[in-house]
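The primary structure of each chain is shown beneath.
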Amino acid sequence: MNKFKIIKEFSIYSFGPVVNIFIGLISAPITTRLLLPEEFGKATMFSVLVSVLSVIVMFGFAYSFLREYHESTQKKKLLSSSFIFNLFNLAVLAIFSLVFSEYLSSLLFSSTEYQYMIVALLLQILFNNIHFYSSSILRMEGKALLYSTFTVTLRLLSFICTILLLLLFSKDFRMIII
């Protein structure tokens with residue numbers, strides 16, 4: 001590969017994350033303006049917990065998938081075995097979380113009335129897994145433009161939906177999480 005082609009590919013791959021940073025810079029002040037600090041804090045706690053639990057659910061298998069992807073002749077089997085293991089871990093987490101949903105709701109949101117948000121937490125972890133594998137495959141296949149378009153579109157849709165939900169329905173943390 002010549003230098004120009006490498007720079008072009010790098011630029012296309014970096015386009016998505018750079019645009020996502022700008023969307024974040026725009027969305028942060030808007031959402032903090034629309035939400036009370038305690039509501040924003042609840043949404044942040046939820047997001048941090050989703051991030052930590054997503055890493056635990058993936059348990060390193062997602063990165064093994066990346067490491068083995070180019071060497072594997074059975075890419076679909078590699079994907080399915082890695083993803084199924086993550087689903088098993090998520091199922092174990094779901095059982096634990098649903099059994100203790102009242103306690104977790106009280107711990108996270110200082111109220112037991114948000115027990116149903118534990119289901120939203122589990123769904124978000126599932127969607128994080130799906131997003132990780134789909135975006136990783138696009139990167140591994142060298143589909144730079146599709147990867148960047150995919151990431152920017154998801155971030156932009158999330159921003160637009162969040163703002164609409166906050167403006168049209170309720171100005172609480174649940175509108176950010178949804």
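Here the residue index of a chain counts from 1 through its sequence in written order. Where local features are concerned, this predicted model is filtered to residues with pLDDT of at least 70; where side-chain atom pairs are given and counted, the filter is 80 or more; whole-chain, interface and lining totals use all residues. For the side-chain quantities, the full set of heavy atoms in the structure was used; hydrogens and water were omitted.

Q: What am I meant to see in the overall build of the protein chain here?
A: Scanning the protein chain for helices and strands turns up eight helices and zero strands. When the helices and strands of the protein chain are placed in sequence order, the string is α-α-α-α-α-α-α-α. Projecting the C-alpha coordinates of the protein chain onto the three principal axes gives extents of approximately 55 × 35 × 20 Å. Residue burial is assigned from relative accessible area. The probe radius is 1.4 Å, only protein chains are included, and a residue is buried under 20% of its type maximum, exposed over 50%, and partly exposed in between. Looking at the protein chain as a whole, 35% of its 178 residues are labelled buried. Whether two residues are in contact is decided by their heavy atoms: any pair within 4.5 Å suffices. Partitioning the contacts of the protein chain with sequence separation of at least 6, the portion at a separation of at least 24 is 73%. Under the convention used here, a 1.4 Å probe and the Shrake-Rupley method define accessible areas, while residue burial counts only the protein chains that appear. Surface exposure of the protein chain reaches about 11,200 Å², of which carbon and sulfur atoms provide 72%. Per the convention used, a helix needs a DSSP run of H or I reaching at least four residues, while a strand needs a run of E reaching at least two, with both numbered from the N terminus.

Q: Honestly, the side chain of Ser101 in this entry has me stumped. Any pointers?
A: Its location among the elements puts Ser101 in helix α5 (residues 101–109). With relative accessibility at 10%, the residue Ser101 sits in the buried group. For the purposes of these results, a polar contact is taken to be a pair of N or O atoms within 3.5 Å, where, inside protein, one atom must be able to donate a hydrogen and its partner to accept one; residues adjacent in sequence count only when each atom of the pair is a side-chain atom. A distance of 3.3 Å separates a polar side-chain atom of Ser101 from the backbone oxygen of Leu98.

Q: How should I be thinking about the packing of helix α6 (residues 117–140) against helix α7 (residues 144–168) in this particular structure?
A: How two helices pack is summed up by the angle between their axes together with the distance between the axes. Their axes nearest at 8 Å, the elements α6 and α7 cross at an angle of 150 degrees. When the interaxial angle is binned, α6 and α7 end up roughly antiparallel. Judged by residue contacts, His131, Ser134, Ser135, Leu138 and Arg139 of α6 engage Leu146, Tyr147, Phe150 and Leu154 from α7. For the contact of α6 with α7, the per-class residue count stands at five nonpolar, three polar and one charged. Axis angles are defined between N-to-C directions and span 0 to 180 degrees, where every axis is a line fitted to C-alpha atoms and, for a helix, only to the segment in contact. An angle below 35 degrees is treated as roughly parallel, one above 145 as roughly antiparallel, one from 65 to 115 as roughly perpendicular, and anything else as oblique. The residue classification treats Ala, Val, Leu, Ile, Met, Phe, Trp, Tyr, Cys and Pro as nonpolar and Asp, Glu, Lys and Arg as charged. All others, Gly included, are polar.

Q: I tried to follow the environment of Leu108 on my own but got confused; where do I start?
A: One can find Leu108 in helix α5. Along the primary structure Leu108 and Val19 are separated by 89 residues, whereas in three dimensions their C-alpha atoms are 31 Å apart. Apart from residues no more than four positions distant in its own chain, Leu108 is found in contact with Met45, Leu49 and Ile118.

Q: I keep staring at the nonpolar core and nothing clicks. Help me out?
A: In globular proteins that are soluble, nonpolar side chains generally tend to be buried together. In this structure, Leu93, Phe109, Ile125 and Phe173 are the most contacted members of the largest nonpolar core, which totals 19 residues. Going through the elements one at a time, α2 (37–58), α4 (75–99), α5, α6 and α8 (173–177) are the ones with two or more residues in this core. Leaving out residues up to four positions away in the same chain, Phe109 has contacts with Lys42, Phe46, Tyr114, Met117 and Phe173. Nonpolar cores are built from buried Ala, Val, Leu, Ile, Met, Phe, Trp, Tyr and Cys residues. Side-chain atoms within 4.5 Å join them into one set.

Q: Would you mind going over the packing of α2 against α6 with me for this structure?
A: Closest axis-to-axis distance for the α2/α6 pair is 9 Å, and the angle between their directions is 55 degrees. Classified by the interaxial angle, the pair formed by α2 and α6 is oblique. Two packed elements cross with a definite hand, and for α2 against α6 that hand is right-handed. Two secondary-structure elements touch here, α2 through Phe46, Leu49, Val50, Leu53, Ser54, Val57 and Met58 and α6 through Met117, Ala120, Leu121, Gln124, Ile125, Asn128, Asn129 and Phe132. Tallied by class, the residues present in the contact of α2 with α6 amount to eleven nonpolar, four polar and no charged. In a left-handed crossing the near helix is turned counterclockwise from the far helix by less than a right angle, and in a right-handed crossing that turn is clockwise.

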